[in-house]
Amino acid sequence: MTTALRYGLLSTLAVLVLAPFAGIALASVHPAGGQVGAFSLPEQWSWSNFALAWEAGNFSRLMWSSVVIVAFVVPLTVCLATLAGYALSILGVWGGKGISLAFVLGLTLPVELLVIALYFNLREVGLTNSYTGVILAEIALFLPFGVYWMQSHFASVPRELVEAARVDGARDHTVLARVLLPISWPAITTLAVLVFMWSWNQFLLVLVMMQDPALRTAPTGLGLFVGQYGTDIPLLSAASLLVIAPIVVVYLVFQRSFVNGLTQGAVKA
Amino acid sequence: MASGALLRGNGAAGAGRPGGRPSRAPGRSRLRAWLYLLPALTVYAGFAIYSAGSTVWFSFLDWDGVQPPTWAGLANYTRVLTEPLLAEAILNGLILIVFFSLIPIAIGLLLTGLLLGRVRTGMTFFRTVFFLPQVLPLVAVGITWRWLYSDAGMVNQALEAVGLGAITRAWLGDYHFALIALGLIGTWCMSGLCMVLFMSGAQRIDPSLNEAAAIDGAGPLRRFRYVTLPGLRREVGIAAVITTIAALASFDLVFVTTNGGPAGQTNVPALLVYRLAFNEGTIGGAAALAVVLTLIVIVLVSAIRLLTREPK
């Protein structure tokens, strides 16, 4: 295969991936309420669709919920995972092997197994329709990967670094804060952006735990927006773009972390 | 969930035993180490493990969520395996594996073979593009494809452009093609992921292996078969685990595109778990279906890990 052919192939694939988005981007500026077939430039560009969609979908509330949930889930998951990874990998605890295994097992559990019980159990204690309930449930959902990720990261740190600090009389928290954290930011950033993505995109859990539509997150609200405005393609496209935008921005900024998070996850194991 | 399963599945694939040997610390400090572990363990045990256990418990009950539950024994499981609606949903989930997992892995391997080692400039751009469907909320992906598949949508337009106007239809509403159309959305999502994984894996294969094979007279095809493919064993395993979980546990995509229709042709387990538990109030049945789904995931993931294990 010649180089030109190879780039031709790559470009064709890139077009196949991007065409749907170009399609909805164009559709979103067509006059609201109209039918849009496929690629066509609108006769007049209706930027107001974004404002209309924002109003119609009550996105001020939805985005606020999304932001609140993400703002707690990301730092807390990263924090708890770092502490646990440190304990399991560097400090060593009694029964540590079994606990690592328990976290790893959590990697294969589908959300479907948890949501039923989460809803009915948390309903008893008033944690449904509450940010606290969703936040804690999401942290529990992402911790298996988080702990696994931080644990294998700390295991890759040369032991001499830790031993040297210990010989100098450093206590556990000093070793973590002064020796390990400064060299761990790439791993922590990767974990943070991945957790951000999972939390932002989480659908089923929020749909179940937030029976009150006003408390739902942007993607979940979008899922129900379809039911109401299913035929208004321009409005629907504008709403989809609003929900996609934050995650795309984060992805473009941290693209390396996203892709490395995945591919390195493989190498580390 | 699919995106949630992404790396969670990845971890499962390779997470034999992370971590090295922790250094022996004296008794008191080992106790103190528990303090670092405790917050994560509490949240995980309280919300994940306890919930999983509860769901298993619910699966043996006859409960509508309001009245006190009664013991149902294995009745809910019998129902899952014998009631056509539920059994077909499980079958549909398994069919989706072909589109979410097998086809993307094949595409990924093919492209890796074609492109390997000869494309340098611009690779970051292509990688960023191919990986994009992985990071988007599946609800938005579903909404986009709903429109692409519609009567006057882009798919039909493209078909007409190449002279296949006779087969155009509203794909997601077609009794025979809806599940396939749904599956192909999965193919669109997962192929880039597989390709990015395999390309980065192939770059780690020792180049001298390839050179040695070339000197021995092996052509590109044979080199791919005997050098690249064995070298990608682990990446293929990881891709298979991630995509299989995404196929079996898919909910968001189906919820916004077909919601199980037409006439139940695209019912998947997750959709029925939701519907049984929260629309029809048969919590025992929903729990049993969720447990069966989890068992299928665990069996398949274990099988994949066994098959793609590094030879000792």
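Residues numbered from 1 in each chain as written. Chains lettered and ligands numbered in written order. Predicted model: local features only at pLDDT ≥ 70, side-chain atom pairs only at ≥ 80, totals over all residues.

1. Side note on the overall build of chain A
Here is step 1 of the chain: The secondary structure content of chain A amounts to 13 helices and zero strands.
Here is step 2 of the chain: In sequence order, the secondary structure elements of chain A are arranged as α-α-α-α-α-α-α-α-α-α-α-α-α.
Here is step 3 of the chain: Its C-alpha atoms give chain A principal-axis dimensions of about 75 × 65 × 30 Å.
Here is step 4 of the chain: For chain A, restricting intrachain contacts to residue pairs at least 6 apart in sequence, the fraction spanning at least 24 positions comes to 76%. (Helix = DSSP H or I, 4+ residues; strand = E, 2+ residues; numbered from the N terminus. Contact = placed C-beta atoms within 7 Å.)

2. Here we look at the interface of chain A and chain B
Here is step 1 of the chain: Listed as interface residues are 89 residues of chain A and, on the opposing side, 94 residues of chain B.
Here is step 2 of the chain: Considering each element in turn, the side of chain A that touches chain B owes the most residues, 13 residues, to helix α6 (residues 131-155) of chain A.
Here is step 3 of the chain: Of the residues that constitute the side of chain A that touches chain B, the class distribution is 66 nonpolar, 20 polar and three charged. (Nonpolar A, V, L, I, M, F, W, Y, C, P; charged D, E, K, R; others polar.)

3. Quick word on the nonpolar core
Here is step 1 of the chain: Core analysis: the largest hydrophobic core is formed by 190 residues, its most contacted members being A:A84, A:I116, A:L143, B:A40 and B:L289.
Here is step 2 of the chain: If one sorts the elements of this core by residue count, helix α3 (residues 59-91) of chain A sits on top with 17 residues.
Here is step 3 of the chain: With residues near it in sequence (within four places) discarded, B:A40 still touches A:L80, A:A81, A:L83, A:A84, A:L143 and A:V147. (Core = buried A, V, L, I, M, F, W, Y, C linked by C-beta atoms within 7 Å. Buried ≥ 20, exposed ≤ 12 C-beta atoms within 10 Å, placed from the backbone.)

4. Observations regarding the packing of helix α11 (residues 233-248) of chain B against helix α14 (residues 283-307) of chain B
Residue and element names in this part refer to chain B.
Here is step 1 of the chain: Packing of α11 against α14 brings their axes to within 9 Å, and their N-to-C directions diverge by 165°. Taken together, the axis directions place α11 and α14 in an arrangement best described as roughly antiparallel. Read as a crossing pair, α11 and α14 show a hand that is right-handed. For the pair formed by α11 and α14, the contact residues are G237, A240, V241, T244, I245 and L248 on the first element and L293, I296, V297, L300, V301, I304 and R305 on the second.
Here is step 2 of the chain: When grouped by side-chain class, the residues that make up the contact of α11 with α14 number 10 nonpolar, two polar and one charged. (Axes fitted to C-alpha atoms, helices over the stretch in contact; angles between N-to-C directions. Parallel < 35°, antiparallel > 145°, perpendicular 65-115°, else oblique. Left-handed = near helix turned anticlockwise from the far one by under 90°.)

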